[in-house]
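# Structural characterization, general
So you can see what is in the structure, the chains are spelled out below.
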Amino acid sequence: MSISEHPAAAPAARPAPSRVAAIVPAAGKGERLGPGVPKALRELGGLPLLVHAVRTLIAAPSVDLVVVAAPPGPEGVTRVQQLLADLPGDTRVVAGGASRQESVALALATLPADCSVVLVHDAARALTPVDLVEAVVGAVRSGAEAVIPVLPVTDTIKAVEGDLVIETVDRSRLRAVQTPQGFQRDVLAQAHAAADPYAPATDDAGLVEALSRPVRTVPGHAEAFKITTPFDLILAEAVLRRRR
């Protein structure tokens with residue numbers, strides 16, 4: 001048989017891309033927004049912040065599953081399930097914990113085994129663009145163990161004790177951190193397993209840093225700001241009106 005008569009070798013099958021799950025801790029009270037329902041359930045443009053955040057994650061092409069950690073108890077879980085019932089995509093609700101860190105750990109433990117990339121996203125960052133979600137996922141899939149979106153700090157920063165200024169901090173190395181933060185699942189699981197429940201971190205990247213593992217950055221986005229105070233809610237309403 002001549003060379004030309006040999007059948008062509010079948011191309012090697014490409015490995016399936018890792019599935020991506022996004023965790024949204026939404027059990028916090030959010031006292032700085034004032035009394036009332038939990039912060040994630042406060043309304044923006046007629047819809048809860050949580051619904052805006054989950055819609056963005058669902059709209060991201062790379063995200064396969066969204067798991068929300070609801071306020072603890074059957075009533076909290078049922079309420080969030082009702083809010084998300086009409087959204088497309090694979091969304092699930094679990095009971096959260098007493099802290100953000102505990103809520104993320106509880107949701108992380110429920111993820112299917114084939115989800116090897118995990119995002120953790122604040123419901124209060126309700127206007128985060130889809131492009132930022134994709135940038136974080138892309139960085140993790142490119143090999144990063146942990147990825148956070150950041151913005152340069154523009155204000156002058158002072159270190160103080162009481163009402164006395166101690167020093168002016170060099171802001172050139174400082175960055176404001178946003179979400180979603182992205183992780184290789186095994187790295188995030190190790191970080192939570194080693195975390196101190198009595199000294200919870202303010203973000204999941206901090207838990208990874210405590211393991212002396214590298215955390216990469218990608219450029220953040222101005223509209224991914226955290227809605228924490230009544231003024232932030234006014235600003236978010238303005239952004240939403242402009243989008244519409």
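What you see is a predicted model; the values in this text were computed from it and never measured. (Residues numbered from 1 in each chain as written. Predicted model: local features only at pLDDT ≥ 70, side-chain atom pairs only at ≥ 80, totals over all residues. Heavy atoms only, no water.)

### Concerning the overall build of the protein
Scanning the protein from terminus to terminus reveals seven helices and 12 strands. In the protein, which comprises 244 residues, the proportion classed as buried is 43%. Counting every atom, the protein has about 13,100 Å² of accessible surface; 55% of that belongs to carbon and sulfur. (Helix = DSSP H or I, 4+ residues; strand = E, 2+ residues; numbered from the N terminus. Buried < 20%, exposed > 50% of the residue type's maximum accessible area, 1.4 Å probe, protein only. Areas by Shrake-Rupley, 256 points an atom, 1.4 Å probe, with all protein chains shown as cover.)

### Some points on helix α3 (residues 100-108)
Spacing of three or four residues puts side chains on the same side of an α-helix, whose turn is 3.6 residues. Looking only at α3, the buried set comprises Gln101, Ser103, Val104, Ala107 and Leu108. For α3, the angular spread of the buried residues around the axis is 165°, confining them to a single face. Against β1 (19-25), β4 (65-70), β5 (91-95), β6 (115-120), α5 (185-194) and α6 (204-210) lie the buried residues of α3. (Arc of directions from axis to C-beta. Contact = heavy atoms within 4.5 Å.)

### Quick word on the pairing of strand β8 (residues 157-161)
Pairing analysis gives five bridges linking β8 to strand β9 (residues 164-169), with the strands arranged antiparallel. Following the sheet pairing, lysine 158 is matched in β9 by threonine 168. With antiparallel pairing between neighbouring strands as the criterion, β8 and β9 make up a hairpin whose turn holds two residues, including glycine 162 at a positive phi of roughly 65°. (Pairing = 2+ DSSP bridges.)

### Points about the pattern of salt bridges
Counted under the stated rule, the structure contains eight salt bridges. In this structure, arginine 213 and glutamate 145 form a salt bridge, with 2.9 Å as the shortest nitrogen-oxygen distance. Of this pair, arginine 213 sits in the loop between α6 and β12 (216-219) while glutamate 145 sits in the loop between α4 (130-141) and β7 (146-152), and the two are 68 residues apart along the sequence. On the accessibility criterion, arginine 213 (27% relative accessible area) is partly exposed. (Salt bridge = Lys/Arg side-chain N within 4 Å of Asp/Glu carboxyl O.)

### Details of the side chain of glutamate 223
Along the chain, glutamate 223 turns up in the loop between β12 and α7 (230-243). The contacts of glutamate 223, once residues within four sequence positions are left out, are Leu127, Thr128, Val239, Arg242 and Arg243.

### Let's talk about the nonpolar core
The biggest cluster of nonpolar side chains holds 31 residues, and the ones touching the most others in it are Leu50, Val63, Val66, Val68, Val80, Leu84 and Leu119. Elements with a contribution of two residues or more to this core: β1, α1 (49-59), β4, α2 (74-84), β6 and α4. Looking at which element gives the most residues to this core, the answer is α4, with five residues. Ignoring any residue separated from it by four or fewer positions in sequence, one finds valine 68 in contact with Val24, Ala26, Leu50, Val54, Val80, Leu84, Arg92, Val93 and Val94. (Core = buried A, V, L, I, M, F, W, Y, C linked by side-chain atoms within 4.5 Å.)

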